[in-house]
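# Fold and geometry: a report
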Amino acid sequence: KQWYQRRVRGGLRLAICVLGFAEYFWSLFYDDPSEVNWWLNKGVTLAITFIIVTLVSCKPTLILKSIVVFTIAKFLATLVIIGAGFYYLAKGHTENIAVGFTGTNHNVKEWGDAWNGVIWSYMGWEEICCVASEIKNPQRNIPIIVIASISIITGLYILTVISFHIVLPLEDMMSGAAVASKFGMLTMGEPGKFFLALTVVVSTLGTLQCSFVVNSRYIHSGAAEGLLPSCFALVSKRYRTPLVSIFYITIITIIFTLVGGLDELISSASFTRFPFFVICGVGVFVMRKTHPYLPRPYRVPLVFPILFVSFGVFVFITPFLTETWKVSLIWVLVLLLGVPLYYLLLENYFKFKLPAKLDKSATELFKRLLNSE
């Protein structure tokens, strides 16, 4: 998990944010963002990446303050969409929702990919686990936090999708190209299109900044704990930011941005996360069996891990039953690559001296180049 979470997934998630930003940025100027030249589009994604990296590296306090503003913009856009959609319905526009579930895909094999896209919208629910030890009265507060946050996000998400469906034909929603811009154009004209596209751009910037901060710290903390090469633990003497970790995650982000598409990366990000979720769910049963008397601040009812593991196995297996199974296999091989790398680089199972020498040389080099310690 350390190999994937701290070396690969961070860049994958950031690439999704960058590509999402580019799509809505171009919708400010084009009716169809797909018409934009490939090189021009990638140039914008690289430019915004370098701008964010510079700010994250040199202005961490400014970044943290701006995230609050961008989060407010995100909620504002969501509320505007919900309000405009139901106002559109109140005016008598029922032609789009009248189709009901016509055209529903009944092929269970393809549901996994659909779920991966939905799951991406809820990513972040598991972050409560990172701060569980700091929560007062976890037996009471963790369930409240999880249930309240998931309920709020689910409610907003469903209402937003319903509003989109009220205004837009199903074909336009399935196209996935700047749906909010199309929605704004139909409900509020050009000003609405521009407003919603701009708020999505701003909120995407907030997500991008937050993800750069969090994922670079993941790598830094992994190195500090001895799980990654020590050069990633270096911190700038001037800015007090983990520059080496930031630069590494930037390189991975650029690679995914250049070679991947938005939909493909979203499916990959969700698909590759679930094996670890399933393992954690199975761990609940193992711990209940092997350590039944261990103190538990919060004792989860077993029905939830049963449902969770079942769903996780379904989401992970179904992509192998579709025509894109080769892509899924490649990602599994990427995950499994962490096993030999762990024993080769961290445990030094084969007693090689070269990895340690390279790590020491890289650490000394970055100390001098980046004025780090």
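One structure accompanies this document, and this report is about it. A quick note: this is a predicted structure, and the numbers were derived from the prediction, not measured.

### Points about the side chain of lysine 193
- Mapped onto the fold, lysine 193 is located in helix H7 (residues 179–224).
- A relative accessible area of 9% means that lysine 193 is categorised as buried.
- Apart from the residues within four sequence positions on either side, lysine 193 is in contact with Ser27, Tyr30, Asp31, Ser181, Gly184 and Met185.

### Topic: the packing of aromatic side chains
- Evaluation of the coordinates by the stated rule reveals seven aromatic pairs.
- Between phenylalanine 277 and phenylalanine 308, the ring centres sit 6.1 Å apart and the planes meet at 55 degrees, which makes this aromatic pair tilted. Highlighted residues: phenylalanine 277 in helix H10 (residues 274–290) and phenylalanine 308 in helix H11 (residues 303–317), separated in sequence by 31 residues.
- By relative accessible area, phenylalanine 308 is classed as partly exposed at 27%.
- Taken together, the ring pairs connect Phe21, Phe25, Trp26 and Phe29 into an aromatic cluster.

### Notes on a nonpolar patch on the surface
- A cluster of nonpolar side chains, Trp38, Trp39, Ile251, Ile255, Leu258 and Val259, forms an exposed patch at the surface whose accessible area comes to about 680 Å².
- Elements with a minimum of two residues in the nonpolar patch: helix H2 (38–58) and helix H8 (243–259).
- In terms of residues, the nonpolar patch owes the most to one element, H8, which gives four residues.

### Examining the pattern of salt bridges
- Throughout the structure, instances matching the rule amount to one salt bridge.
- Here lysine 367 makes a salt bridge to glutamate 364, at a shortest N to O gap of 3.9 Å. Highlighted residues: lysine 367 and glutamate 364, both in helix H14 (residues 354–370), separated by three residues, approximately one helical turn.
- By relative accessible area, lysine 367 is classed as partly exposed at 33%.

### A closer look at the nonpolar core
- Counting residues in hydrophobic clusters, the biggest one holds 61 residues, and the most contacted among them are Phe164, Phe183, Phe212, Phe232 and Phe256.
- When contributions to this core are tallied by element, the ones reaching two or more residues are helix H1 (2–27), H2, helix H3 (60–90), helix H5 (138–167), H7, H8, helix H9 (262–271) and helix H12 (325–336).
- In contact with phenylalanine 212, not counting residues within four places along its chain, are Leu14, Thr49, Ile52, Val53, Val56, Ile249, Thr250 and Thr253.

Definitions and limits used
Residues numbered from 1 in each chain as written. Predicted model: local features only at pLDDT ≥ 70, side-chain atom pairs only at ≥ 80, totals over all residues. Heavy atoms only, no water. Helix = DSSP H or I, 4+ residues; strand = E, 2+ residues; numbered from the N terminus. Buried < 20%, exposed > 50% of the residue type's maximum accessible area, 1.4 Å probe, protein only. Contact = heavy atoms within 4.5 Å. Phe/Tyr/Trp six-rings, centres within 6.5 Å; stacked < 30°, edge-to-face > 60°. Patch = residues over 30% accessible without salt bridge, like charges linked within 9 Å, V, L, I, M, F, W, Y side chains within 5 Å. Areas by Shrake-Rupley, 256 points an atom, 1.4 Å probe, with all protein chains shown as cover. Salt bridge = Lys/Arg side-chain N within 4 Å of Asp/Glu carboxyl O. Core = buried A, V, L, I, M, F, W, Y, C linked by side-chain atoms within 4.5 Å.

Function-wise, these values are silent; they only describe arrangement.
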